[in-house]
Amino acid sequence: MKGVLILLGIIAVSVIFCGIIPFVVMPGAGVAVALPVIMVPGEVVWEDFLGIKGLTITNTIIGTLVADVIVLAFAFAATRRMRMVPGRLQGLFEVLTDALWSLAKSTAGPNARPIFPLMATIFIFLLVANWVKLLPGAESIGLMHCAAEGVNGYDRNGILLKVDKAMDTGIRATKENYYACHHKGEHHDPAHDAALSAVLSAAAQELGVESISLRDDVGNARSVAQYVAEQGGDVEAVLARALALAEEMAVAPAEGEAPAEGEGEHTAEAKSPAELVPAVLEEPYYRDDLYAVTPFVRGAATDLNLTLGLGLLAFLAIQYFGVRAQGLRYFTKFFNTPALENVGKNPMGIMDFVVGLLEIISELAKILSFGFRLFGNLFAGGVLLFVMSFLLAMLVPAGVYGLELFVGLIQAFVFAMLLLVFSAMAMQGHGHGEEHH
Amino acid sequence: MDALGINLGFFIAQLVNFGIIFLLLAKLVWPRVLKMLDERSERIAKGLEDARAAEEARANAERERDKLLAQARAEAQKVLEEARQRGEEQLKQMLREAQAEAEKVREQARAQAEEERNRILAEARDDIVALALAAAERLVGETLDEKRQKAILKRFFAGVPAEAKGLGDKVLVVSAVPLTDDEKAEVLKITGAKQIEYRVDPSILGGMILRAGDKVVDGSVRGDLSALSMALR
Amino acid sequence: MEVDAAKAIGAGLAMIGVIGPGIGIGVLVQGALNAIGRNPDASGQITTNMILGIAFAEAVAIYALVVSLIILFVL
């Protein structure tokens, strides 16, 4: 009875918080949830961070740093004062270490000791990094940036994105939109502004409406001429009227413009509004108010730099362990010269040699395999979370969160485990394999 | 590559970042944790070993205790048995002693009783003898008439003892009744004495007594009675 | 717009590559479960190896996914 009531309570709360608020209340206030931005590269949060030129901070870097802090804090807090009777934190850390250590011992046997630190570090780091993106606020709270090309952008409403209806997918920004947004107000040309207002007034007179708004009527990536033609107006008449209007306006503000002419060098080549009118009428306009949120924190492993970096590190570590255990003999795995020596007796030696060469490729493929496995799982997990949250706002995302917890753990485990197995194989050598033939 | 976000700067930054984490953990954390784990498992193993040893020791002690207990019990049994035997022996001894004592006491008592009886008997005999003599005297005195007196004298003369001849010259003859001449002649003839004095004493009841100096030949009834009384006593 | 449509179609087609790993993972888990059924004592090691095998098979699916993601978001 009590359980049923609690369940009903949970459902009611989730309906209110995941259904009514985001789909009814917030759109009414103009601040509904915007469609998230899905981008493969880490999104830039700050360019030229702290004024240092070229120091770009992406949200995956921030995610990595957060994971660093948590891992180090956890590890050092747990092992700061080691006691024979462990506290909770130390106990947790020791359980983790013990599980990894017994795994390493059972897999690598006597070779476990040198492999263990790297493997355990990778495991714990990836575990935390994968789970960091599940923290509330990660991948959701961030700075508003001009929507990059291909990203769905929204107008802004103060510090929030302006979304007036639920399931608003925004407007996909083009390169020009991004440029317009990014360089908004930078190249402010009064003559151009005057020409534009003349064109808009002329078009409004032609179409018999009070005024025409670039943003709401003309639309994105379209020219005024296109709009007038669509609305059944005469483009030529608009042009003529706009030219007349521009001539009129040019006389009046001439004195006002006088000081401006002295300060800028570009004023020398400045054209008068009337001269600009034909171009202004035909040129497409891009909205400069398309914004998207760049979250502060994004899962570290959704950045290929990290995953491929770790893949490369794992690859190098495997080679290092192989050489360390077997010396230069390790490389006979790739350049199977011993098999070539007995070719007279055993013609299949050539085959063995070729297989050895193929090993090089499969060995190098490990970098990509390591990197893309981790990246793909985690990135797909993030996308899945977004998509699920927008398809079914209630209850289901919670299940997906659980799945993501599991995926994060499994991927960390798989990465560490593969490193362990490959290293153990490299250290053990291929002598065993040949004995089977 | 740019579209995938792969950028040499970020790549190196991530590698360096992970390298720092790895070095920190590998130098400062993992060895300590592993050492602690080893130490703990060692200690647990030792603890288990100790516990096992203690268990063994306890089992040993228990066995020892059982053995000791059994020994003690056996010993106690033995001691008990011995004690019982000794007790029995002692009892027997005591019984024997008591019996002996009792026997002795009984013996003593019997002896005493015997003595007492003897004494009493002796005393009684004296009395009886006295009584019997008194009765006999009275009886003899009453029954000794003339004839009997003569018969007694005659028997005396018939069996006069030999010593009567050597009595000497002067003899005192005591008789219960006065002698006749015949009898006097007879006495003269027996004794062979030159001078004879005759005396009558009825207390001798009958017969006669010949006395010369310290020699006496008693042929009186009293003498017989006295002899009887002596014999009775 | 035609390019977007082509991208969507391409991304969808790329995900066909997931069929193989799906079947592979199914076979793998079937084998692992059979093995655990036969020898429940070895379940720990079998599970570990199964996860490793799944990771390998899944890697192929992930390649398809990455291709699809690249088509959608990068190209």
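These numbers were taken from a predicted model, which means no experiment stands behind them.

The subject of this paragraph is the overall build of chain C. Within chain C one finds three helices and zero strands. Along chain C, from the amino end to the carboxyl end, the secondary structure elements read α-α-α. For chain C, with 75 residues in total, the buried portion stands at 35%. In chain C, the share of contacts with a sequence separation of at least 24, taken over all contacts with a separation of at least 6, comes to 76%. Roughly 4,300 Å² of accessible area belongs to chain C as shown, and the carbon and sulfur atoms make up 71% of that amount.

For the rest of this paragraph, the subject is the overall build of chain A. A tally of helices and strands in chain A yields 16 helices and ten strands. Looking at the 437 residues of chain A, the share that counts as buried comes to 43%. Sequence-distant contacts in chain A: of pairs separated by 6 or more residues, those separated by 24 or more amount to 73%. On chain A, roughly 22,100 Å² of surface is accessible, and the fraction owed to carbon and sulfur atoms is 66%.

The next thing to look at is the sheet that holds strand β3 (residues 207–212) of chain B. Residues and elements named next belong to chain B. One open sheet accounts for four strands, arranged β2-β1-β3-β4; its pairing is mixed. At either end of the open sheet lies a strand with only one pairing partner, and these are β2 (195–200) and β4 (215–220). Neighbouring strand axes in the sheet, compared pairwise and without regard to direction, differ in orientation by 15° on average. Here six bridges tie strand β1 (residues 170–175) to β2, and the two strands are oriented parallel to one another. Paired with Leu-172 across the strands is Glu-197, a residue of β2. Docked against the sheet, helix α3 (residues 181–191) engages β1, β2 and β3, running at close to 130° with respect to β2.

Looking now at the packing of aromatic side chains. A complete count under the given rule lists 14 aromatic pairs over all chains for this structure. Judged by centre distance (6.0 Å) and plane angle (35°), the ring pair of A:Trp46 and A:Phe296 falls under tilted. In this pair, A:Trp46 sits in strand β1 (residues 44–46) while A:Phe296 sits in the loop between β10 (291–295) and α12 (304–326), placing the two residues 250 residues apart along the sequence. Of the residues examined, A:Trp46 reaches a relative accessible area of 34% and is grouped as partly exposed. Relative to A:Phe422, the ring of A:Phe370 has its centre 6.0 Å away and its plane inclined at 85°; by these criteria the two rings are edge-to-face. Placement of A:Phe370 in helix α14 (residues 348–391) and of A:Phe422 in helix α15 (residues 396–428) is noted, with a sequence separation of 52 residues between them. A:Phe422 sits in the buried class, given a relative accessible area of 11%. Within the aromatic cluster, the residues linked to one another by ring pairs are A:Phe74, A:Phe93, A:Trp101, A:Phe116 and B:Trp30. For A:Arg113, the ring lying beneath its charged end belongs to A:Trp101, and the centroid distance is 5.3 Å. Here B:Lys184 stacks its cationic end above the ring of B:Tyr198, 5.0 Å away from the centre of that ring.

Opposite the 15 residues of chain C that make contact, chain A presents 21 residues. Together chain C and chain A conceal approximately 1,500 Å² of surface at their shared face, both sides included; 79% is due to carbon and sulfur atoms. Linking chain C with chain A are zero salt bridges. Remark: the boundary between chain C and chain A carries two residue pairs in polar contact (both at pLDDT 80 or more). Sort the elements by how many residues they give to the side of chain C that touches chain A and helix α3 (residues 43–74) of chain C lands first, with 14 residues. In terms of residue class, the side of chain C that touches chain A is made up of twelve nonpolar, one polar and two charged.

Listed as interface residues are 29 residues of chain B and, on the opposing side, 43 residues of chain A. Between chain B and chain A the total buried area reaches about 3,400 Å² when both faces are included, carbon and sulfur atoms providing 75% of it. If you sort the residues of chain B by the area they bury against chain A, B:Gln14, B:Phe18 and B:Trp30 come out on top, with a joint share of 22%. The interface formed by chain B and chain A contains one salt bridge. A salt bridge links B:Arg40 to A:Glu94; the shortest N-O distance between them is 2.4 Å. Where chain B packs against chain A, one counts seven residue pairs in polar contact (both at pLDDT 80 or more). By residue class, the composition of the side of chain B that touches chain A is 19 nonpolar, four polar and six charged.

So, about the nonpolar core. If you look at the biggest cluster of nonpolar residues, it comprises 72 residues, and the most contacted ones within it are A:Phe93, A:Phe116 and A:Met119. At the level of elements, α2 (59–79), α3 (88–108), α4 (112–132), α12, α14 and α15 of chain A, α1 (8–143) of chain B together with α3 of chain C are the ones that each hand at least two residues to this core. Of the domains in this structure, domain 1 (30–177) and domain 3 (302–436) of chain A are the two that each give at least three residues to this core. In this view, A:Phe93 contacts A:Phe74, A:Ala75, A:Ala78, A:Thr79, A:Ile124, B:Val29, B:Trp30 and B:Val33; residues no more than four positions away in its chain are not counted.

Moving on, we get to the confidence of the model for chain C. Residues and elements named next belong to chain C. Averaged over all residues, the pLDDT of chain C equals 86, while 99% of them reach at least 70. Mean pLDDT per element in chain C: α3 is the minimum at 81, and helix α2 (residues 19–38) is the maximum at 94. As scored by the predictor, the complex reaches a pTM of 0.67 and an ipTM of 0.77.

Below, the discussion takes up the packing of α1(B) against helix α4 (residues 221–232) of chain B. Residue and element names in this part refer to chain B. In the contact formed by α1 and α4, the axes pass within 10 Å of each other and the chain directions differ by 160°. On the basis of their axis angle, the class for α1 and α4 is roughly antiparallel. Our pair here, α1 against α4, has a crossing hand that is right-handed. Here Arg-125, Val-129, Leu-133, Ala-136, Glu-137 and Val-140 of α1 come into contact with α4, specifically with Val-221, Arg-222, Leu-225, Ser-229 and Leu-232. Within the contact of α1 with α4, the residues separate by chemical class into seven nonpolar, one polar and three charged.

The next point concerns the pattern of salt bridges. All names here are of chain B. Tallied over the entire structure, the rule returns 15 salt bridges over all chains. Residue Glu-56 is joined to Arg-52 by a salt bridge in which the shortest nitrogen-to-oxygen separation is 3.4 Å. Placement of the pair is Glu-56 and Arg-52 together in helix α1, with a separation of four residues, close to one helical turn. A salt bridge links Glu-114 to Arg-117; the shortest N-O distance between them is 3.5 Å. Here the residue Glu-114 and the residue Arg-117 both occupy positions in helix α1, the gap between them amounting to three residues, near one helical turn. Here the salt bridges do not stand alone but share partners, grouping Glu-49, Arg-52 and Glu-56 into one network.

Here the focus is the pairing of β1(B). Residue and element names in this part refer to chain B. Among the six residues in β1, five count as buried, and that is most of the element. Note that β1 and β3 share four bridges and pair antiparallel. Each bridged residue has a counterpart across the sheet, and for Val-173 the counterpart in β3 is Leu-210.

A residue-level look at chain A finds 89% of positions with pLDDT of 70 or above and a mean pLDDT of 79. Within the model, the stretch residues 254–268 of chain A combines pLDDT values under 50 with three contacts to residues more than four positions away or in other chains.

What counts, and at which threshold
Residues numbered from 1 in each chain as written. Chains lettered and ligands numbered in written order. Predicted model: local features only at pLDDT ≥ 70, side-chain atom pairs only at ≥ 80, totals over all residues. Heavy atoms only, no water. Helix = DSSP H or I, 4+ residues; strand = E, 2+ residues; numbered from the N terminus. Buried < 20%, exposed > 50% of the residue type's maximum accessible area, 1.4 Å probe, protein only. Contact = heavy atoms within 4.5 Å. Areas by Shrake-Rupley, 256 points an atom, 1.4 Å probe, with all protein chains shown as cover. Pairing = 2+ DSSP bridges. Axes fitted to C-alpha atoms, helices over the stretch in contact; angles between N-to-C directions. Phe/Tyr/Trp six-rings, centres within 6.5 Å; stacked < 30°, edge-to-face > 60°. Lys NZ or Arg CZ within 6 Å of the ring centre and 35° of its normal. Buried area = accessible area lost by both parts, 1.4 Å probe. Salt bridge = Lys/Arg side-chain N within 4 Å of Asp/Glu carboxyl O. Polar contact = N/O pair within 3.5 Å; in protein donor to acceptor, adjacent residues only side chain to side chain. Nonpolar A, V, L, I, M, F, W, Y, C, P; charged D, E, K, R; others polar. Core = buried A, V, L, I, M, F, W, Y, C linked by side-chain atoms within 4.5 Å. Domains from an automatic or database assignment. pLDDT = per-residue confidence, 0-100. Parallel < 35°, antiparallel > 145°, perpendicular 65-115°, else oblique. Left-handed = near helix turned anticlockwise from the far one by under 90°.

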